[in-house]
Amino acid sequence: MKTSPLNSLLLLAIWPTTVVVQAFASSSSHKTLLSPPKSFLQKHHHQQLNQLHTTTKTTLNLFGASTATKSVASAVTNLIPRGGAASAIADKVSSLASTPNGSFNLALGVLAACTAVLKISNKANADKDDEKVVKDPKVKSLQMRFLMVFWLLRMADWLQGPYFYQVYASKTFGAATGNAMTWVSRLFLTGFASTALFGPLVGRLCDTYGRKAGTLVFSLLYSLGAMSTKSNVLGVLLAGRVMGGIGTSLLFSAPEAWLVGDAARNGLEGSLGETFGLAYAGDSIVAILAGQMAGLAAGTRGPSGPFELSVGFLILGGLLAAFTWKENVAGNVVSGDEEAGKDGDDDAGSKPTIRDAVKVVKEDPKIMLVGSIQSLFEAAMYIFVLNWPPAVSKAVSAYFAKFATDSSAAIATPYGTVFSCFMACCLLGSTLFGQMTSSTKVDKNGKSKAVSTENFAAGMLGLATLAMGCATLSISTSTPRILSALTSLPVLSTILSPLTALAGTVSSLFSTPGSLIGILILSLFVFESCVGMYFPTIGTLRSKYFPDSHRSVVMNLFGIPLNAMVVTVFLSIEKLGVQGALGVSTTALALATACGFKLKGMIKKENEEKK
C-alpha cells in the first residue's frame, strides 16, 4: 500500500496529542499523571519512532518523492525524538498538562502544528501537478488591495474586544445611579441595539453612495467610539457605543460588498471563494496578534490603551482604502462578460430602498435561506462568546484542583491562552475551507474535485451543532431545560430529538472532572474550527445569492433578528444560566443546519433539472 511522505508530518503533529488526551482524561492521582510508566515509554516510543524514521526514508525512495519533499520530510523525521529523549519529552508534556496555562499552551502548539501540516500538504499536492495554475494578475491585485485594508480594520476591531468590560468598569459615570456592572451591561446592549436599529438604513446608504465611502465612514465612527473611552461622562460613553454599533454594521457589510462589486466589475467572481478563505485565515492570525498587543497597550496606558492603539490601525486602513480602492455602488456594476457599452443610467437613477430589499428577500427563497443561516449561526456565536468564560473556568477549577498545593487558592483560567487556542482553531477551519473548496482541485480529466460551497456549508453547520450540543451537555449531567421545552414543540421535535437522545449517553461520560474538561474543550475547539469555516463560506454564499443592487441592505436586514436574539438571551441570562444560553445556541445552530440542508437540496434539484 502506498504511503504518502506527508504521513510523517501528520504523525509529528498528533504525536503530543496522545499524552495531552491521557492527561485530561485521567482522573488518577497527581503522581500517576506526572510519572507515566517508563518501561512503556522506552519500549513503545523507541520502537515506534525508529520504525517511523525507517518507513519514511523507505517511502521517499520507493515513490520517487521530489528533492524538496525529501528534504522537508527528512528534516521533520530528524526532529522526532527517539528512545530516552522521547521519554523525557513525554514527562515534560505531562508536567505541562498539570497546570491550566501549560495545558492550553500545549494545545495551542498541537493546533498550530496541525495547521502547518495542512498548509504543507496543500503545497506539496500542488507541487505534484505538472501544470501549475498561474494566478491572474488582476486577482492578485484585487486580493492585495482588499486584504490589506480588511486586516487592518479587523485588527482595530480585535484590539477593542478583550478590554471592553475593563474599560467601562473602570469609569465612575459621574452622577449616574447604579453600580458599574449595570452600566457596563447597558453600554453593551446599546451597541447591539444601535447595530440592529440603524443597520438597514446604513446598508441602504452604503449601497446608494458607495461601499468605499461606507468603509471610510466606519473608520471615522469607530475611531470616535474608541476615543470616547477616555471620558468619564456617561453621555459621551453612550454616544461612543452608538457610533461603535453603527460602525459594526459597516464593518460587516461595506468591505465585503466592495470586494464583490469590484470582482463583478472585472469579471473575477470565480476568485471570491479563495479571497474569503485568505481573508479569514489571516483574520485568525490578526486576532492572536491583537490579543498580545492589547495586553501590552493595557499594561502601558491602562484599559483604554488598546482602544487608543486601534485608532492608528483605523486611520491606516482608511487611508489605504481611500487611495487604493475605486468606488462602486449598487446598480452600476457591470460584469466583465457583459457588453462594455451597456447603459447604466437607468440603474444609477434607481436608488435601493429597504422596502425593495425586503421584497427581494421574499421573492427568492435562496436569499432567505442564506440570510437565515447568517442570523442563526452568528447569534449562536455571539451567545457563545458571552458564556464560554464561566463554562471553561468551572471545568478548569474542577479538574486542576487536585494539582493545587493550596486547596484554598483560586485556580486561574488563562483566558488569553484559551482565546489564542480558539483563534488557532479558526485558522485551521478557514485553511480546511480553502483546501476543500479550491477551484484548482481537478482530476486527470480536468474535472473539478472541489466540494461545492452549499455542500460544505451543510456539513459544517451539522458539525457545529453537534459540537455545541456536546459542550452544552458537558456542563451538566441533566438535559438542559431549554432543550426539553423546545423538543416538546412539534416543529422542533424532529430536529432536536437526536440531541435529547444523545443527552443520556453523553451524561455517562461526565463521571470525572478529567473527562468533563476533555469533552468540553474538544467540543469548543471543534465549534471554533467551524467558525473559521463559516466566515469564508457565508461570504461566498452571499456573493452568489445576494443581489448587488441591495447587498448591504439585505446583509443588515438579517442583522436585526441576530441582534434581537443576542439581546434577549443577555437580558435573560440569570434565568437561563450558562447551560441554558448554550442550549439556545445549540437550537439556533440546529435551525441553521436545517436551512443549510434545504439550500443544498434546492441547488441539487436545480442542477439535475439543467441536465
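Below you will find a few notes about this structure. Everything numeric in this text was worked out from a predicted model, so none of it was measured. (Residues numbered from 1 in each chain as written. Predicted model: local features only at pLDDT ≥ 70, side-chain atom pairs only at ≥ 80, totals over all residues. Heavy atoms only, no water.)

Another point: the overall build of the chain. If you tally the helices and strands in the chain, you get 25 helices and zero strands. With 611 residues in all, the chain has 49% of them scored as buried. Across the chain, the fraction of contacts at a sequence separation of at least 24, relative to all contacts at a separation of at least 6, is 86%. Of the accessible surface of the chain, which amounts to about 28000 Å², a share of 63% is contributed by carbon and sulfur atoms. (Helix = DSSP H or I, 4+ residues; strand = E, 2+ residues; numbered from the N terminus. Buried < 20%, exposed > 50% of the residue type's maximum accessible area, 1.4 Å probe, protein only. Contact = heavy atoms within 4.5 Å. Areas by Shrake-Rupley, 256 points an atom, 1.4 Å probe, with all protein chains shown as cover.)

So, about the nonpolar core. Ranked by size, the top nonpolar core spans 101 residues in total, and within it Phe 146, Phe 377, Phe 422, Met 460, Phe 525 and Phe 527 carry the most contacts. Looking at this core element by element, the count peaks at 16 residues for helix H17 (residues 365-400). What Phe 146 contacts, discounting residues up to four positions off in sequence, is Pro 255, Glu 256, Trp 258, Leu 259, Thr 275, Ala 279 and Trp 325. Core analysis: the next-biggest nonpolar cluster, separate from the first, contains 20 residues, Tyr 168, Val 184, Ala 226 and Phe 307 among them. (Core = buried A, V, L, I, M, F, W, Y, C linked by side-chain atoms within 4.5 Å.)

Let us now look at helix H12 (residues 254-265). When the terminal C-alpha atoms of H12 are compared, their 16 Å separation across twelve residues agrees well with the 16 Å that a helix rising 1.5 Å per residue should span. For H12, the buried fraction is high: eleven of the twelve residues fall into the buried class. Along H12, the positions that sit buried rather than exposed are Ala 254, Pro 255, Glu 256, Ala 257, Trp 258, Leu 259, Val 260, Gly 261, Asp 262, Ala 263 and Ala 264. (Expected span 1.5 Å × (residues − 1).)

Let us look at the pattern of salt bridges. On inspection of all chains with the given rule, the structure shows eleven salt bridges. A salt bridge links Arg 211 to Asp 207, with the shortest nitrogen-to-oxygen separation between them at 3.0 Å. Each member of the pair, Arg 211 together with Asp 207, is buried. Note that Glu 308 is salt-bridged to Lys 230, the shortest N-O span being 2.7 Å. (Salt bridge = Lys/Arg side-chain N within 4 Å of Asp/Glu carboxyl O.)

To continue, consider the packing of aromatic side chains. Enumeration according to the criterion identifies 16 aromatic pairs in this entry. Between the aromatic rings of Tyr 280 and Phe 535, the centroid separation amounts to 5.1 Å while the plane-to-plane angle is 20°, which identifies the pairing as stacked. Placement of the pair is Tyr 280 in helix H13 (residues 272-301) and Phe 535 in helix H22 (residues 513-545), with a sequence separation of 255 residues. For the pair formed by Tyr 280 and Phe 535, the shared burial category is buried. The interplanar angle of 70° and the centroid separation of 5.0 Å between the aromatic rings of Tyr 534 and Phe 535 together place this pair among those described as edge-to-face. By relative accessible area, which is 14% here, Phe 535 ends up buried. (Phe/Tyr/Trp six-rings, centres within 6.5 Å; stacked < 30°, edge-to-face > 60°.)

So, about a nonpolar patch on the surface. A cluster of nonpolar side chains, Leu 197, Phe 198, Leu 201, Leu 205 and Tyr 209, forms an exposed patch at the surface whose accessible area comes to about 510 Å². Residue placement: Leu 197 occurs in helix H9 (residues 180-209). With relative accessibility at 63%, the residue Leu 197 sits in the exposed group. (Patch = residues over 30% accessible without salt bridge, like charges linked within 9 Å, V, L, I, M, F, W, Y side chains within 5 Å.)

Further remarks concern the packing of helix H7 (residues 137-160) against H12. The N-to-C vectors of H7 and H12 enclose an angle of 170°; their axes lie 11 Å apart at closest approach. Our classification of the angle between H7 and H12 gives roughly antiparallel. Residues Leu 142, Arg 145 and Phe 146 of H7 touch H12, and the partners they reach there are Pro 255, Glu 256, Trp 258, Leu 259, Asp 262 and Ala 263. Of the residues belonging to the contact of H7 with H12, the class tally is six nonpolar, no polar and three charged. (Axes fitted to C-alpha atoms, helices over the stretch in contact; angles between N-to-C directions. Parallel < 35°, antiparallel > 145°, perpendicular 65-115°, else oblique. Nonpolar A, V, L, I, M, F, W, Y, C, P; charged D, E, K, R; others polar.)

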